[in-house]
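# Examination of the molecular architecture
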Amino acid sequence: MGRFILRRVGVMLLTALCLTFIVFFLTNLYPNLEKMAKTEGNMRMSDAEVESYLNNNGYLQPVLVKYGQWLGVLPGYVIEGTDGKVRAKCAASDVPIEEAPAFCGVLQGNWGYSNRLKKDVDEVIGEKLALTGMLMFWVMLLMVPSALILGVLAGMREGSKLDRTLSTFSIGTTATPEYVSGVLFIAVFASSAVGLKWFKGTATSAMDNITFENFFLPVLTIAVYGMGYIARMTRASMAEVMTSQYIRTARLKGVSFPNIVMKHALRNALIAPFTVIMLQFPWLLNGVVIVETLFNYKGFGWALVLAAGNNDIELLLGISVVSVVVVLVTQLISDIGYVYLNPRISVS
Amino acid sequence: MDPLSWSGIFLQMVQQFAAPLIAVAVTFAISIVFKRRLGLYGKLFDSVIGMIGLALVLFWVFTAFFAGALDMVGTHDPLDQSAMMKKALPGEPYTKLIGEPDPDAGAHYLLGGDNLGRDVFSRVVDGSIKVMLIAPFATIFAFMVGITLGLPAGYYGGRFDTVLSFLANLVLAFPVILLFYLLVTPEIKETLIPRIMAGTLFLFPIVFLTVLWNSRFRTQAAKRNLYVGITLVVGTWVYLGIAWDADPTGIISFPPNLLVVFVSVVFVNAPTVFRIVRGLALDIKTRDYVAAAQTRGEGPWYIMLWEILPNARGPLLVDFCLRIGYTTILLGTLGFFGLGLESESADWGKMIIDGRRLLSANILHIAIPPALALLSLVLGLNFLADGLREESLRD
Amino acid sequence: MSKLQAHDGPILEIDNLSISFFTRLREIPAVMDFSVSVQPGEAVGLVGESGCGKSTVALGVMQDLGVNGRVVGGTIRFKGRDLSQMSAEELRDIRGNEIAMIYQEPMASLNPAMKIGKQLIEVPMIHEGIGEKEAWQRALDVVRDVKLPDPERILKSFPHQLSGGQQQRIVIAMALMSKPSLLILDEPTTALDVTVEAAVVELVKDLGKKYGTSMLFISHNLGLVLETCDRICVMYSGEAVETGSIRDVFDKMRHPYTQALFRSIPLPGANKNARPLVAIPGNFPLPHERPQGCNFGPRCDYFEEGRCNRAEGIPMEPVLGNERHASRCLRFEEIDWNAPIKASVTTEAPEKGEVVLKIDNLKKYYEVAANALFGKGGDTKVVKANETLSFEARESETLAIVGESGCGKSTFAKVLMGLETATDGQILLDNRNIEGTRIEKRDTKTVADVQMVFQNPFDTLNPSMTVGRQITRALEVFGVGKNDAERRAELMRLLDLVKLPREFADRMPRQLSGGQKQRVGIARAFAGGARIVVADEPVSALDVSVQAAVTDLLMEIQREKKTTLLFISHDLSIVRYLSDRVMVMYLGHVVELGTTEQVFAPPYHPYTEALLSAVPIADTSVEKKHIVLEGDVPSAMNPPSGCPFQTRCRWKSQVPAGLCEIEVPPMRTLDDGHQLKCHLAEVKLAEMEPVIKVAAE
C-alpha cells in the first residue's frame, strides 16, 4: 500500500509540475505580458516602453528560467534596468538588494504579489479558499446524500414508476448547467416578479454571515448540476447489483426486500459512485466559478475570474496550483478509498 | 398598435416556428411508419423519453437550419437596436428609432427587448445557429482524436498507453474554466498557439480516414489507392484551409475567432473520449473474433478499426449525444464569461449573463428565454442519449 | 417461524404447469403443460438443451419469475400447499427454509462484499430466529459437512479469497443451513473443472442422503443425472417429453427425442469410423416459432404427416406396465425401439500421412507482476505455462490435447499460431522453424496453413459484420481468388462445405444459432486451405444435439482435406470418440501421450485415471471406479514442488522416499510409444485396473 501511495504521489507531483508550467507558459506569452505592462503602467505606452518595463522586471528572461525562479529552484533575478535602477525578484521594497535572499519561489513560501488586489498571493488565496471551502462544504452536504438516495431509490426496482420519475429528474438536472439553473432560481425564488422572494439573489452578505436566506440558492445551484450525474451513476450501479445473482440468492434465502437493499446491495452499489463523487471535484470547481460570479460571492472562483480577466499572473498561478492540487488530492483519495471499499482488491 | 397578450404571443411564436415544427412532425411521421426497418434509430420510437429527446433536438436542428440557411423563424435582425425597445416587455409593438428601419421586421418584439433594445426572440433563434454549427462538429473532431489515440492505447497497452493516459489525465485535471481563460483570449490569437493546436488536432481526421481505408483494402491495391488518394487530396485541402488559413484556392477558411473556440472545445473533450475508447478497446480486444483476426494475420489497425471500433459503437453513440450536450453547455459557459466572441453576436450564454444583471430589477424576460432554449436543447440531447442507451441494451 | 407441518404425499407436485414471459411484442410460452412430482428423499433430474425451459421450472417453483414472467396455468404444490396462492410473507418463510436453490456460477451467487460467515448465519437467523452464536456454531458444522478445511478461517474470509470449487461448497452449505426439505440445483457444476465437478457431485449425493433432502437436479448432462438422480424428466422446447425412473428412461426409452439424444452423445463404444454418432437434424425451434402438434415433429425420424402435426397438442401418456413412466409421443407404442441404427454411415479410417508438425521441447514462460493492481516495478513472477512439450502430428491425424483450466493448452495454441513466441524449444512446420516468428512476420502461406476454431460460438464472429463479409475477408487476406466474383464463388463453396444455406452469406451473426455460428467459424478457418487446424473446445459450448453435428462436420472436412486436427478439450468422452492420439496436460506439463487406446486403458498416469473417473457417462451398463481428487487445481503462479500432480495424487504414497515432492518425473516411454510422466514403478503401473468397465450385455 505504501508503495502504491508513493507512486501516486510521484505521478501527482509530476502532473502538478506539468500543469503549472503550462499555466506559466500561457500567462507569460508576450501579448499577455504586453497587456499586463499596459495595465500596470498606462494604456498608451509605446512598444519600446513596454519592452523596457518588462525587461526591468525580469519578464523577458527565458520562460524556463522564469519558471524556475517562480518555483524557487533557481535564484531570483537581479537585473540592472534600462533606467539604471537595480531590481531583484527577492527584494521587498524596504529591504536593500544585498540583503535579499537568493531564492524566493513557491518552495520558499513566496507565492508572489497580486497586482490587481494589491496583496500577497498566499494571503488572497487563504482568504478566498476559506470562503469557497464553506460553499463546497454545504454543497457536498446537500448534494452527496440526496444524490445517493435518489440513485438508490431509482435503481432498487429498475423500470418501476419510481425509477422512471427519479431518472428523468436526474437527467433533467444534468442538463441544467449552473448558469441556467442559477438564473431560473433567482428569477423564481428571489425576484419580486414571481413574488416568492424566499431567498436573496446575491450571496455577498454570506461572506460575513451565512444564513439560509443568502446561501441556499448558490449551494443549491451547484448541487443540482452535480447531483444528477452522481444519482445516475448510483442508479446504474444499484440496478446492476440488484439484477446480480447474489441478490437473487439472498432473495431466495428468504431475506426481506428492505434487508436485501440495506445489507446486501448497498455496499456493493456504492463502490462505483464513490469514485465518481471524488472525480467530481474538477467539475465542482467550474460550478464554483460560475456560481460565485452569478451570486457575487467573492471566493476562490471569483478570484480566478478576476485574475484571469486582468492577467494577474502571480495570482493566477497561485490559483491554478491550488486547484490542480485539490483535484489531484481528491483523485488520490478516490483511488485509496476504492481499494478499501472493494474487498475484492487485496492490498497486501 | 396594442401589445400582444400572452396567448397572442404564444400563437405568434407557434406561427414563427411553423417551419421547424412541421419539419419535426414530418420526420416523425415518416420514421414511425418505417420504424421496424430503421434499426436502432427506429427503435427509438418505442421509448417515450427517446422520442421526447429526439423531438427537442430535431426542433433546434431545424430551427437553426431554417434561420441560418433560409432566414426564416426570427422576426427581426438579431443585431438591430432600437432605443424605444430597451427592456421592452414581451409582446410590445415594435418602434424603430435608430438606424435604417428593417423592412422585414415583424410588428412586435415577441419576447421583449434586451438592454440595448434588440429583439430577444430573434436573438434566441439566432443563437441556435452558432450552437448547431460548433457543438456537433467539435464533438465529431473530439471523437476522431479520442478514437485515433484511444484505440491503440487500449489495444497495445504498455508504455504508449501510460504516456497517453498521463497526458489525458493532465488535461482532465485542469479546471475547464481556467483552461478557457488561458486559451480563449484576444491576446492568444496574436500567437501561433491556436494555429498549432488546430494544426495538430485537425490532422487526426485525415490520419483516421487514411488508416481506415488502408487497413480495409490492403489486399486490393487499386481500391486502396483510390480511397486513400481521395482522402488525402480532399483532406489536405480542407486541412490547409481550416487549420492554417492557407487554402490555395481560397474557398475554405475559418474565422480565427471561432477557430480558437472550436479548438479549445475539441481539446477539452478529446481526453474524455480517449478514456472511453481506451476502456472499450481493452474490453473488446479479449473477444475471440479479435483473436480470429489476429490468427489470420490481420494488421493491428485493421483489428482496431474494423473489428473493435464497430462493436464499440453503442456506448460511443450514447456518449456522442451526451457530449454534444456537454459541448453546448461549454459554449454557453464561454459566452457566460464573455470569451471568444464578438460582443454583439447572439450567444445564449452571453444573453443569460446580460439578463442576469437585470433580474434584480425584476426584468426576467431577457435572461429566461435563452436559459430555457439552452436547457431544452441539452435536455433533448440527454433524453435522446438515454433512449438510445436503453434501446441498444434491449437486444 | 416453524416449518410447514409434516406431509404424507410428495414434497413437490407440479401439475400441468404453464409459464409465459411477456415482452413488448408477444407472449412467449416458456413452459407448457408440465407435470412432475418429487417424493420425500427422492432426487429427480430435469434434463434438456438450453432454452427448453428447465430453469424456468425451477424459478417457477421459487415463485421468482421476474417482472415479465407469469404462471399462466396449472399448479405447483409444495407439501400439499399451492405456492401461487401464498402471500409474499409466506413465500419468504419457505424460501431458504423449506426450499433452497443452488446455481451455476458460485462466484456470482455469493455477495462479494460480505464475509462468508455472515452470509451463512443469516439463513437460520431469519428463519428460525436463533441467536448469532448458535447460528455461527451451525455454520461451522455445515461447513465441516461440505468438507472444507479450516472452517473458522473460511467463515471469516470473503468469497473472492476462495477457489471456484470451495465457493460452490459454500453455496451448498448455505442451502443446507436450514435443513430444507427440497433442494433445487440448477446446473451446479457447469462452471467447474471436471475433477472438481466429480467431487462436488459426490458431496451433493452424500449430503442429500444425510439430510434426507429431496432434490430437483437440473442439468444438460445425462451422465451427471445418471450419477445423482433416481428419476428423470426429459424436456424439449418447453414440454416434458418423457419421465420415468433412470433405468426406464435410459434403457427402455419411449420417446424419439430421448432416443435421438442418446444416439448423439459419444458413449464408450462409439467411434468416428465404425460407429459414428447420429446427429439430430435441424434446429431447436425458437419459442415463438414452435411447430403445430409435436414440437419435435420436424426433426423426428418417426414423423407421420397429418398425425404428428395435428392441430391439438400431444398429451403425456403413461407407458403400459409401468405407472411412473410416461411419454409425450403418439406413436411410441408402434415404434420398434430395438431396431438398429440405420442412418449411420461407416467409413474407413484414413491413412496417416507425413509428419507435418513437430514440437520439440517447447517452453513458454511468462513474467507477470506479482501484484496485479499496483503492477509494474514490483516483484515479478515467472509463470511456466508450457514446460518441455514434445510431440508430432501427421497429416489426417487427430491429436487431442486434454486438460483442465490452467493446464497450458491455450498458451500452446497461442504459441503455435504465432500470437506469442516460444521461450525455448522448437516448432517445426514442414521442417521449418516457426516458434520464434510472430504472426505479422509469417508469410501468407504459413498463416493460412495453421488456423484455429474457437470455443465460444457467441464470441467467435464479429457481431457487426455479415457472415459473408467475414469469410470473404479471410479469403482476401489469404489471397484466394483474383477478384470479388471469384471470392464470392469460393464463399459459396465454403458455405456448402459446412452445410449452411447459401443465403446465410448476407445474414448478421445474431440471426444464427450457436451451432450455425460455429460452422461459420469452421468455414473461416478453412478459407485458406488450412492444413493444421487447432480446434479449441469447438463444441463444448453447444447443446448436445448440435455437438454431434458439428463434430461430424469437422471429421468429414478433415477426411476430405487431409487436415491435421489438434483438438483441445476437457471432455474425455468426445476425445475418445474422435481422436487418434491423446495428449494429457496438467499445469503446463504433458503427463501422458499415446494413442487413444493406450491412454484410455491402464496403465494410466494417475491424473488421467482421475480424469477418466470424473467424466460422467450416460450409460447404465458402464461401471466406473470412483476416484475423487482432493482440492483444486493449483495456480500456475504457484505450482507445487516436484511433480505437478503430487498435491492431489492418490498414488503418491506408493513412490518411495517422497520422490514426488522433490523431483519432476522424467518422461518415460512404455510399449509402442506410450509416454508417461510419473515416478511410479513398472510393477505398480501394471497393477492398475481399468476405470471404466462396460458390463456384459
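- Named according to an unreviewed UniProt entry, chain C is Nickel import system ATP-binding protein NikD originating from Roseovarius atlanticus.
- We quote the UniProt Sequence similarities (unreviewed entry) comment for chain C here in full: "Belongs to the ABC transporter superfamily."
- Within the UniProt record for chain C, the comment given under Catalytic activity (unreviewed entry) is "Ni(2+)(out) + ATP + H2O = Ni(2+)(in) + ADP + phosphate + H(+)".

- The name given to chain B in an unreviewed UniProt entry is Peptide ABC transporter permease, and the organism recorded there is Roseovarius atlanticus.
- On record in UniProt, under Sequence similarities (unreviewed entry), the comment for chain B is "Belongs to the binding-protein-dependent transport system permease family."
- Per UniProt, chain B carries the Subcellular location (unreviewed entry) text "Cell membrane".

## So, the overall build of chain B
- The helix and strand inventory of chain B stands at 16 helices and 2 strands.
- A compact globule built from 395 residues would reach a C-alpha radius of gyration of about 21 Å, and chain B, at 24 Å, matches this within 12%.
- Residues counted as buried form 57% of the 395 residues belonging to chain B.
- Restricting the contact set of chain B to residue pairs at least 6 apart, pairs at least 24 apart contribute 72%.
- About 16,100 Å² of surface is accessible on chain B, with carbon and sulfur atoms providing 68% of the total.
- Averaged over its 29 positive side-chain charges, chain B has a centre that lies 11 Å from the centre of its 30 negative ones.

## Let's talk about the pattern of salt bridges
Residues and elements named next belong to chain C.
- Going through the model one piece at a time under the given rule, you end up with 63 salt bridges over all chains.
- Taking the shortest distance from any N to any O, the salt bridge between Asp206 and Lys147 comes out at 3.9 Å. Of this pair, Asp206 sits in helix α8 (residues 194-211) while Lys147 sits in the loop between α5 (132-145) and α6 (151-155), and the two are 59 residues apart along the sequence.
- On the accessibility criterion, Lys147 (53% relative accessible area) is exposed.
- Notably, a salt bridge pairs Arg531 with Asp449, separated by 3.2 Å at the nearest N-O pair.

## Quick notes on the interface of chain C and chain B
- The interface is formed by 28 residues belonging to chain C together with 27 residues belonging to chain B.
- A buried area of about 2,200 Å², summed over both sides, lies between chain C and chain B, and 48% of it is on carbon and sulfur atoms.
- Among the residues chain C hides against chain B, the three largest losses belong to Arg24, Asp459 and Arg473 of chain C. Together they make up 29% of the total.
- Inspection of the region where chain C meets chain B yields 3 salt bridges.
- Two residues, Lys223 of chain B and Asp484 of chain C, come together in a salt bridge whose shortest N-O distance is 3.7 Å.
- Between chain C and chain B we count 11 residue pairs in polar contact (both at pLDDT 80 or more) in total.

## Considerations on the interface of chain B and chain A
- Facing 44 residues of chain B, the contacting portion of chain A comprises 56 residues.
- Summing both partners gives a buried area of about 4,100 Å² for chain B against chain A, and 76% of it is carried by carbon and sulfur.
- Summed over the shared surface of chain B and chain A, the result is 1 salt bridge.
- Across the pair Asp386 of chain B and Arg232 of chain A runs a salt bridge, and its minimum N-O distance is 3.5 Å.
- Across the contact surface, chain B and chain A share 5 residue pairs in polar contact (both at pLDDT 80 or more).
- Of the residues assigned to the side of chain B that touches chain A, the class counts are 32 nonpolar, 6 polar and 6 charged.

## A word on unusual backbone geometry
Residues and elements named next belong to chain C.
- Backbone torsion omega between Pro602 and Pro603 reads 0 degrees, so that peptide bond is classified as cis.
- Within the element layout of this structure, Pro603 appears in the loop between α19 (596-599) and α20 (606-614).
- In this structure, Asn361 is a non-glycine residue whose phi angle is positive, near 50 degrees.

## Here we look at the state of the cysteines
Residue and element names in this part refer to chain C.
- The full count for this structure, using the stated rule, is 0 disulfides over all chains.
- The structure places no disulfide on Cys229, whose sulfur is separated from the nearest cysteine sulfur, that of Cys233, by 11 Å.
- Judged by relative accessible area, which is 8%, Cys229 ranks as buried.

## Thoughts on helix α5 (residues 120-156) of chain B
All names here are of chain B.
- In this model α5 runs 53 Å from its N-terminal to its C-terminal C-alpha over 37 residues, within 8% of the 54 Å that 1.5 Å per residue would give.
- At Val131, α5 shows its largest kink, close to 25 degrees.
- The element α5 is largely enclosed, with a buried count of 30 among its 37 residues.
- In the stretch just after α5, Gly157 is the one whose phi turns positive, near 65 degrees.

## Re the sheet that holds strand β10 (residues 239-245) of chain C
Residue and element names in this part refer to chain C.
- Reading across the sheet, the 8 strands line up as β6-β7-β8-β3-β9-β10-β12-β11 and stay open at both edges, with mixed pairing between neighbours. Each edge of the open sheet is held by one strand with a lone partner, namely β6 (99-102) and β11 (317-318).
- As paired elements, β11 and strand β12 (residues 326-327) share 2 bridges and run antiparallel to each other. Bridge pairing links Glu317 to Ser327 in β12.

## A look at the pairing of strand β21 (residues 581-586) of chain C
All names here are of chain C.
- Across the 6 residues of β21, 6 count as buried, placing the element largely inside the fold.
- Pairing of strand β15 (residues 398-402) with β21, which is carried by 4 bridges, proceeds in the parallel orientation. What sits directly across from Ile401, in β21, is Met583.
- Following β21, the chain reverses through 2 residues before pairing antiparallel with strand β22 (residues 589-595); Leu587 in that reversal takes a positive phi of roughly 50 degrees.

## Re the domain arrangement of chain C
Residue and element names in this part refer to chain C.
- Segmentation of chain C into domains returns domain 1 (12-229), domain 2 (354-583) and domain 3 (590-694).
- The interface is formed by 17 residues belonging to domain 1 together with 17 residues belonging to domain 3.
- Carbon and sulfur atoms make up 66% of the surface buried where domain 1 meets domain 3, a total of about 1,200 Å² over both sides.
- Considering only the surface of domain 1 that becomes buried against domain 3, Thr195, Leu226 and Glu227 emerge as the three largest contributors, covering 40% of it.
- Our enumeration of links across domain 1 and domain 3 arrives at 1 salt bridge.
- As a salt-bridge pair, Glu227 and Lys624 come within 2.7 Å of each other at their nearest N and O atoms.

## Section: the nonpolar core
- The biggest cluster of nonpolar side chains holds 188 residues, and the ones touching the most others in it are Leu357 and Leu566 of chain C.
- Looking at this core element by element, the count peaks at 9 residues for α8 of chain C.
- In this structure, Val50 and Val121 of chain A together with Leu58 and Val145 of chain B belong to the second largest nonpolar core, which totals 182 residues.

## Remarks on the sheet that holds strand β1 (residues 12-22) of chain C
Residue and element names in this part refer to chain C.
- Pairing within the open sheet is antiparallel, and its 4 strands lie in the order β2-β1-β4-β5. At either margin of the open sheet sits one strand with a lone partner, and together these are β2 (27-38) and β5 (81-82).
- Two elements, strand β4 (residues 69-78) and β5, share 2 bridges in a ladder whose sense is antiparallel. Bridge pairing links Arg77 to Asp82 in β5.
- Each of β1, β2 and β4 is contacted by helix α1 (residues 54-62), which is oriented at about 105 degrees to β1, the strand it contacts most.

## Section: the side chain of Glu42 of chain C
- Inspection of the secondary structure assignment puts Glu42 of chain C in the loop between β2 and β3 (43-47).
- The contact partners of Glu42 of chain C, leaving out residues within four places of it in the chain, are Ser37, Ser214, Met215, Asp230, Arg231 and Arg324 of chain C.

## Topic: the UniProt feature "domain: ABC transporter" (unreviewed entry) in chain C
- In this structure's numbering, the residues bearing the UniProt feature "domain: ABC transporter" (unreviewed entry) are residues 12-262 and 357-612 of chain C.
- Across residues 12-262 of chain C, helical content stands at 41% and strand content at 27%; the span's end C-alpha atoms are separated by 28 Å.

## Here we look at the pairing of strand β20 (residues 564-569) of chain C
All names here are of chain C.
- β20 sits mainly inside the fold: 6 of its 6 residues count as buried.
- Alternating positions in β20 separate into two faces, Thr564, Leu566 and Ile568 on one and Leu565, Phe567 and Ser569 on the other, with burial throughout.
- Taken together, the 5 bridges between β15 and β20 define a ladder with parallel strand orientation. Counterpart to Ile401 in the pairing with β20 is Ile568.
- Taken together, the 5 bridges between strand β19 (residues 532-536) and β20 define a ladder with parallel strand orientation. Residue pairing in the sheet places Asp536 in a bridge with Ile568 of β20.
- In this fold, the crossover linking β19 to β20 by way of helix α17 (residues 544-561) has right-handed handedness.

Conventions and cut-offs
- Residues numbered from 1 in each chain as written.
- Chains lettered and ligands numbered in written order.
- Predicted model: local features only at pLDDT ≥ 70, side-chain atom pairs only at ≥ 80, totals over all residues.
- Heavy atoms only, no water.
- UniProt positions renumbered as here; feature names shortened; annotations may be inferred.
- Helix = DSSP H or I, 4+ residues; strand = E, 2+ residues; numbered from the N terminus.
- Rg over C-alpha atoms; globule rule 2.2 N^0.38 Å.
- Buried < 20%, exposed > 50% of the residue type's maximum accessible area, 1.4 Å probe, protein only.
- Contact = heavy atoms within 4.5 Å.
- Areas by Shrake-Rupley, 256 points an atom, 1.4 Å probe, with all protein chains shown as cover.
- Lys, Arg positive; Asp, Glu negative; His and termini not counted.
- Charge placed at Lys NZ, Arg CZ, Asp CG, Glu CD.
- Salt bridge = Lys/Arg side-chain N within 4 Å of Asp/Glu carboxyl O.
- Buried area = accessible area lost by both parts, 1.4 Å probe.
- Polar contact = N/O pair within 3.5 Å; in protein donor to acceptor, adjacent residues only side chain to side chain.
- Nonpolar A, V, L, I, M, F, W, Y, C, P; charged D, E, K, R; others polar.
- Disulfide = S-S within 2.5 Å.
- Expected span 1.5 Å × (residues − 1).
- Bend = angle between axes of the 7 residues up to and from the residue.
- Pairing = 2+ DSSP bridges.
- Domains from an automatic or database assignment.
- Core = buried A, V, L, I, M, F, W, Y, C linked by side-chain atoms within 4.5 Å.
- Axes fitted to C-alpha atoms, helices over the stretch in contact; angles between N-to-C directions.
- Right-handed = clockwise from strand over helix to strand, strands pointing away.

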